[in-house]
Amino acid sequence: MAQNIPELKAVLIDQMEDLLHGEHQLVKALPKMAKAAHAVQLRQAFTDHLEQTRLHVERLQQGLELLGAKAKAKTCKGMQGLVEESEATISEGKDLEPSSADLTLIIAAQKVEHYEISGYGSLRTLAERIGEMRVARLLADTESEEAQADELLTQVAQPLFARAA
Ligand SMILES: [Fe+2]
Ligand SMILES: [Fe+2]
């Protein structure tokens, strides 16, 4: 059966609007994560990723325009849940040793990055399949930055584990 391209394009738009809402939430959440971080490297990682996240918003807006859609955000409950968890992590961290508190922030942040990686990865593939190559390129650029952010968090966690041992 031939695939319905207009329908898949509508799915892509809908899902990109969902990601856009997620990124908007992260623009608000990341400064709080940075403020709560004790290790300078972790604070820097959050601050740097905030800048990238602003770029992720722009790329989604650009991609939605390329698809002829208005760049409106659609509530992303998945990200809302993850952001709520990160806020709980920040307040619970106040009772922990600084290195333990930082590790809990990294755990929360890596869940966010993985959620984003899966979203961008699936949508990049979808965009490629329906021949929206410029949109696929934008999604791939963000996907690789999310993967780098995740990798950086893994590295930042290493000395914190060493301290805990
Ligand atoms: Fe992002
Ligand atoms: Fe991210």
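Here the structure is a predicted model, which means the values were calculated and not measured. (Residues numbered from 1 in each chain as written. Chains lettered and ligands numbered in written order. Predicted model: local features only at pLDDT ≥ 70, side-chain atom pairs only at ≥ 80, totals over all residues. Heavy atoms only, no water.)

> Which residues make up the coordination of the iron ion (ligand 2), and what values do they have?
Around the iron ion (ligand 2), the protein contributes the donor atoms His49 (NE2), Glu113 (OE), Glu113 (OE), Glu116 (OE) and Glu146 (OE), at 1.9 to 2.7 Å from the metal centre. The sequence motif formed by the donor residues of the iron ion (ligand 2) is H-x63-E-x2-E-x29-E. Separating the iron ion (ligand 2) from the iron ion (ligand 1) is a gap of 3.4 Å, bridged by glutamate 116, which donates to each. Here glutamate 116, found in helix H4 (residues 98–129), pairs with glutamate 146, found in helix H5 (residues 133–164); they are 30 residues apart in sequence, far enough to count as distant. Given a relative accessible area of 1%, glutamate 116 falls into the buried group. (Donors = N, O, S within 2.8 Å, 3.2 Å for Na, K, Ca; no water. Helix = DSSP H or I, 4+ residues; strand = E, 2+ residues; numbered from the N terminus. Buried < 20%, exposed > 50% of the residue type's maximum accessible area, 1.4 Å probe, protein only.)

> Tell me about the coordination of the iron ion (ligand 1), and name the residues and values.
Six octahedral donors around a metal ideally subtend angles of 90 or 180 degrees, whereas four tetrahedral donors ideally subtend 109.5 degrees. Coordination of the iron ion (ligand 1) by the protein involves Glu23 (OE), Glu23 (OE), His56 (ND1), Glu116 (OE) and Glu146 (OE), with metal-donor separations of 2.1 to 2.4 Å. Written as a sequence motif, the donor arrangement for the iron ion (ligand 1) is E-x32-H-x59-E-x29-E.

> Tell me what's going on with the nonpolar core, and back it up with residues and numbers.
Formed by 23 residues in total, the largest nonpolar core has its most connected members in Leu42, Phe46, Met79, Leu105 and Ile106. Sorting the residues of this core by element identifies helix H1 (5–36), helix H2 (40–66), helix H3 (77–93), H4 and H5 as the ones contributing at least two each. What phenylalanine 46 contacts, discounting residues up to four positions off in sequence, is Leu30, Met33, Ala34, Ala37, Leu105, Ala109 and Leu153. (Core = buried A, V, L, I, M, F, W, Y, C linked by side-chain atoms within 4.5 Å. Contact = heavy atoms within 4.5 Å.)

> Lay out H2 in plain terms, naming residues and giving numbers.
For H2, built from 27 residues, the straight-helix expectation of 39 Å at 1.5 Å per residue is met to within 8% by its first-to-last C-alpha distance of 39 Å. Where H2 terminates, the next one or two residues include glycine 68, which has phi positive at roughly 75°. (Expected span 1.5 Å × (residues − 1).)

> An account of the environment of glycine 22 is requested, with residue identities and associated values reported.
Mapped onto the fold, glycine 22 is located in helix H1. Considered as a pair, glycine 22 and leucine 139 are 117 residues apart in the sequence and their alpha carbons are 14 Å apart. In this view, glycine 22 contacts Cys76 and Met79; residues no more than four positions away in its chain are not counted.

> I'd like a description of the pattern of salt bridges, backed by residues and values.
Inspection of every chain in the model, using the stated rule, returns nine salt bridges. A salt bridge links aspartate 14 to lysine 74; the nearest nitrogen and oxygen atoms lie 3.1 Å apart. With aspartate 14 in helix H1 and lysine 74 in the loop between H2 and H3, this pair connects stretches of sequence that are 60 residues apart. A salt bridge links arginine 124 to glutamate 128, with the nearest nitrogen and oxygen atoms 3.8 Å apart. Here arginine 124 and its partner glutamate 128 are both found in helix H4, four residues apart, which amounts to about one turn of the helix. Using a relative accessible area of 35% as the deciding quantity, one classes glutamate 128 as partly exposed. (Salt bridge = Lys/Arg side-chain N within 4 Å of Asp/Glu carboxyl O.)

> Explain the packing of H3 against H4 to me, using residue names and the numbers behind them.
Close contact between H3 and H4 brings their axes to 9 Å; oriented N to C, the two are set at 175°. When the axes of H3 and H4 are compared, the pair comes out roughly antiparallel. Contacts from Gly78, Met79, Leu82, Glu85, Ser86, Thr89, Ile90 and Gly93 in H3 reach Ala101, Thr104, Leu105, Ala108, Lys111, Val112, Tyr115 and Glu116 in H4. In the contact of H3 with H4, the residues fall into eight nonpolar, five polar and three charged. (Axes fitted to C-alpha atoms, helices over the stretch in contact; angles between N-to-C directions. Parallel < 35°, antiparallel > 145°, perpendicular 65-115°, else oblique. Nonpolar A, V, L, I, M, F, W, Y, C, P; charged D, E, K, R; others polar.)

> Just give me the short version of the packing of H1 against H2, but keep the residues and values in it.
The relative placement of two packed helices is expressed as an angle between their axes plus a distance between the axes. For the pair H1 and H2, the least separation of the axes is 9 Å and the interaxial angle reads 160°. One finds that H1 runs roughly antiparallel with respect to H2. In the crossing of H1 with H2, the sense of the turn from one axis to the other is left-handed. By residue class, the composition of the contact of H1 with H2 is 15 nonpolar, seven polar and five charged. (Left-handed = near helix turned anticlockwise from the far one by under 90°.)

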